[in-house]
Amino acid sequence: MPKHCETVLYAEDNWDVPNILKVLGKHDSIKKYVIALHDQDVLADGTPAKPHFHIYLNFGTTNVQLPQVAKWFGVKEQSVEKIKSDKSDRNQSMGMYYTIKYYTHQDEPGKHVYPLSSFTANFDLEQAQKTGTEKLKKREQGRASKQEVEEICNKCADGTITPDNFHEYVRPTLYVDIKTKMERAWQYYDQDFQRKTEGTRDCVTIYAYGQSGTGKSTICRLYAKELGLTVYKATCGKDCFDEYQDEQSVILDDLRPYEPFSHLQLLDLTDPHYLSKAQARYKNKILKNSFVFITSVLSPQALWNGFGLSAIDSSVQFYRRIAELWEVTKDTIYIYKYMNGEFQLTGTAPNPVPEYIRQQKPSRSETLQSSGIFQKIHTEYKQMGSQQMPSANRTLNSPLRAEKPGVDDDDDIDLGISEIPIESLEYLDIEQETPF
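All residue numbers here refer to positions counted from 1 along the written sequence of the relevant chain. Predicted model: local features are reported for residues with pLDDT of at least 70 only, side-chain atom pairs are reported and counted for 80 or more only, and whole-chain, interface and lining totals are derived from all residues. To obtain the side-chain values, all non-hydrogen atoms of the structure were used and water was disregarded.

1. Concerning the overall build of the chain
When its secondary structure is counted, the chain shows twelve helices and 16 strands. Here the term buried applies to any residue with accessible area under 20% of the maximum for its type, exposed to any over 50%, and partly exposed to those in between, with areas from a 1.4 Å probe on protein chains only. Counting the 436 residues in the chain, one finds 46% classified as buried. Residue pairs in contact within the chain that sit at least 24 positions apart in sequence constitute 69% of those at least 6 positions apart. Total accessible area on the chain stands at roughly 23,400 Å², and carbon and sulfur atoms take up 48% of it. By the criteria applied, helices consist of DSSP H or I runs no shorter than four residues and strands consist of E runs no shorter than two, each listed in order from the N terminus. We call two residues in contact whenever any of their non-hydrogen atoms come within 4.5 Å of each other. Note on areas: Shrake-Rupley, 1.4 Å probe, and residue coverage restricted to the protein chains presented here.

2. Concerning the sheet that holds strand β2 (residues 32–38)
Paired strands, in this sense, are two strands between which DSSP finds at least two bridges. Taking strand neighbours across the sheet as the criterion, the five strands line up as β4-β1-β3-β2-β5 in an open arrangement whose pairing is antiparallel. Whereas interior strands pair on both sides, the edge strands pair on one side only; in this sheet they are β4 (81–82) and β5 (120–121). For strand β1 (residues 4–10) and β4, the ladder comprises two bridges, and the chain directions are antiparallel. Within β4, the residue paired with E6 across the bridge is E81.

3. Details of helix α7 (residues 216–226)
For α7, the buried fraction is high: ten of the eleven residues fall into the buried class. Within α7, burial applies to K216, S217, T218, I219, C220, R221, L222, Y223, A224 and E226. Phi for G228, located one or two positions after α7, is positive at around 80°.

4. What about the nonpolar core?
In summary, soluble globular proteins display a tendency toward joint burial of nonpolar side chains. Counting 29 residues, the largest nonpolar core has Y207, F241, L252, L266, I294 and F318 as the members making the most contacts within it. Tallying contributions element by element places helix α8 (residues 263–269) first for this core, with three residues. Not counting chain neighbours up to four residues away, the residues in contact with F318 comprise Y207, L266, L267, I294, P300, L303 and W304. Formed by 20 residues, the second largest nonpolar core is a distinct cluster that contains W15, I20, I35 and V64. Note on terminology: a nonpolar core comprises buried Ala, Val, Leu, Ile, Met, Phe, Trp, Tyr and Cys residues joined through side-chain atoms within 4.5 Å.

5. Comments concerning the pattern of salt bridges
Between side chains of opposite charge, a pair can form as their charged atoms come close. Here, a salt bridge means any Lys or Arg side-chain nitrogen found within 4 Å of an Asp or Glu carboxyl oxygen. As enumerated under the stated definition, the model contains twelve salt bridges in all. Between D254 and R256 there is a salt bridge, with its nearest N and O atoms 2.5 Å apart. The class for R256 is partly exposed, based on a relative accessible area of 28%. Here R321 and D271 are joined by a salt bridge, their closest N and O atoms 3.6 Å apart. One end of the pair, R321, is in the loop between α10 (316–319) and β12 (322–328); the other, D271, is in the loop between α8 and β9 (277–278), and 50 residues separate them in sequence. As far as the burial class goes, R321 and D271 line up, both buried. Overlapping salt bridges, with partners in common, bring together D190, D246 and K288 in one network.

6. A closer look at the packing of aromatic side chains
Side-chain rings of Phe, Tyr and Trp, where Trp is taken by its six-membered ring, are said to pair if the distance between their centres is within 6.5 Å; with planes under 30 degrees apart they count as stacked, over 60 as edge-to-face, and otherwise as tilted. Here the structure, examined in full by the defined rule, presents 24 aromatic pairs. Through a chain of ring-to-ring contacts, the aromatic side chains of Y207, Y209, Y258, W304, F307, F318, Y319, Y338 and F343 assemble into a single cluster. Charge over a ring is defined by NZ of Lys or CZ of Arg lying within 6 Å of the ring centre and within 35 degrees of the ring normal. Positioned above the aromatic ring of F123, the side-chain terminus of K32 is 5.3 Å from the ring centre. Residue placement shows K288 over the ring face of F193; its charged tip is 5.6 Å from the ring centre.

7. Regarding the sheet that holds β12
The strand order β7-β8-β11-β6-β12-β13-β14 describes an open sheet built from seven strands, whose pairing is mixed. Single-partner strands in this sheet number two, and they are β7 (231–233) and β14 (342–350). Sheet twist, expressed as the average angle between the axes of neighbouring strands with direction ignored, equals 20°. Of the strand pairs in this sheet, strand β6 (residues 204–209) and strand β11 (residues 291–296) are connected by six bridges, and their pairing is parallel. Counterpart to T205 in the pairing with β11 is V292. Helix-sheet contacts for α7 involve β6, β7, β8 (249–252), β11, β12 and β13 (332–339), and the interaxial angle to β11 is about 170°. Between the N-to-C directions of two axes lies an angle of 0 to 180 degrees, each axis being a line fitted to C-alpha atoms and, for a helix, fitted only over the stretch in contact.

8. Quick word on the side chain of T99
Topologically, T99 is positioned in helix α3 (residues 93–104). Judged by its relative accessible area of 9%, T99 falls in the buried class. Ignoring any residue separated from it by four or fewer positions in sequence, one finds T99 in contact with E6, Y56 and I83.

9. Re helix α1 (residues 17–24)
Within α1 the residues assigned to the buried category are I20, V23 and L24. Buried residues of α1 fall within an arc of 100° about the axis and therefore sit on the same side. Away from the buried face of α1 by more than 90 degrees, exposed residues P18 and K22 are located. Nitrogen and oxygen atoms within 3.5 Å of one another constitute a polar contact, given that in protein one can donate a hydrogen and the other can accept it, and given that sequence-neighbouring residues count only through two side-chain atoms. Where α1 starts, the residue carrying a side-chain oxygen 2.9 Å from the main-chain nitrogen of N19 turns out to be D16. Throughout, the arc means that of the directions going from the helix axis to the C-beta atoms.

10. What to know about the pairing of β11
Among the six residues of β11, six are classified as buried, and the element is accordingly described as predominantly covered. Both faces of β11 are covered, namely the face carrying F291, F293 and T295 and the face carrying V292, I294 and S296. Relative to β11, β8 runs parallel, the two sharing four bridges. The residue of β11 that forms the bridge with S249 is F291.

11. Some remarks on the packing of helix α5 (residues 146–157) against helix α6 (residues 172–197)
Each pair of packed helices can be described by the angle between their axes along with the distance between the axes. Running from amino to carboxyl end, α5 crosses α6 at an angle of 35°, the nearest separation of the two axes being 8 Å. Relative to α6, α5 is oriented so that their crossing is right-handed. Residues E148, V149, I152, C153, C156 and A157 of α5 touch α6, and the partners they reach there are L174, I178, K181, M182, A185, W186, Y188 and Y189. Basically, the charged four are Asp, Glu, Lys and Arg, the nonpolar ten are Ala, Val, Leu, Ile, Met, Phe, Trp, Tyr, Cys and Pro, and anything else, Gly included, counts as polar. Looking at the contact of α5 with α6, its residues break down into twelve nonpolar, no polar and two charged. In a left-handed crossing the near helix is turned counterclockwise from the far helix by less than a right angle, and in a right-handed crossing that turn is clockwise.

Below, the structure written as structure tokens:
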């Protein structure tokens, strides 16, 4: 049921302003009205149109039946029409604005223009139209042009704008307006990505294990950031990738056998050559990451043995997927590679977490001085970033050979690689207890 409507009455039916006002005065539900006499209209064949009155009625918050309004004036039901308004026009002001503007014929070349002063109303028409014009101007300024929307959708479709970085390209109000179009463009990108890559990828897996609180998760996060990769930390539960937004690296944190992945799912997620699809609640996600980091209190051998598999499910297929194994203790990081059927120690580095915690304690406002724990990463990794990915048969150099200051683990504390104000660290939480 409408809250405002209009009808047309003809002078030849003995309607004039006094008679119309007499009818309006009988109905308290009418909050605002406009009576617009059109006596200068011309038909398409050039003959004068019959003089008539356009009647606008506004009922405020009250819903009124159109057949009821028709009875007031003794006209047919179809002669009374609802005024259309968009959902944002809650007080009908813009619907009223457009209706009155139509009555004046302002934007209709060839038609007689009727001044607002010739209308009869119970409110200030001039002010109402001025307010409507200003509101319309602000609304148009907030809307994007067709060209801008097309450019944004094209960038979503080619992978420039992703669900992870769209806030850098699209203002909030515009995102609300074109969210559906952007999501469809991302669906196109997913399909095009699979087509162009033919279902293949190059992905590196790094496995960090050790006791809780030794710095595993944070070191993995920092390593990814040093490479310029965005990071997604898989959540607990069945649908670990519900919130995945095309991040370039994934942390599978604190793994246990079957918690949350089966051995087949784990092999799929760490496959270095073929695209992986991860289970999500409404639709499985295509993983576009170039790095997988696994953290656990269990060694790879203990994790795999925990699945309780038969001999046919060889552990070698999992071990060969691990590019580097980091055994993280309170004081030292031991670095291994899988060679000749076993994990062989290739280097060590001091655990940087305790020193970093001591640097954090004095004040949040001081600047962290870091010598750069990952500054000696192999240059090929750095060049790779989010674009180039390592080849399947590359030989990885250990990235943790130099003694550097560092970070905490399960507190998700972030470490600046260069001079970074402490306030800017995303994962800083120095109030949380540490094991040191």
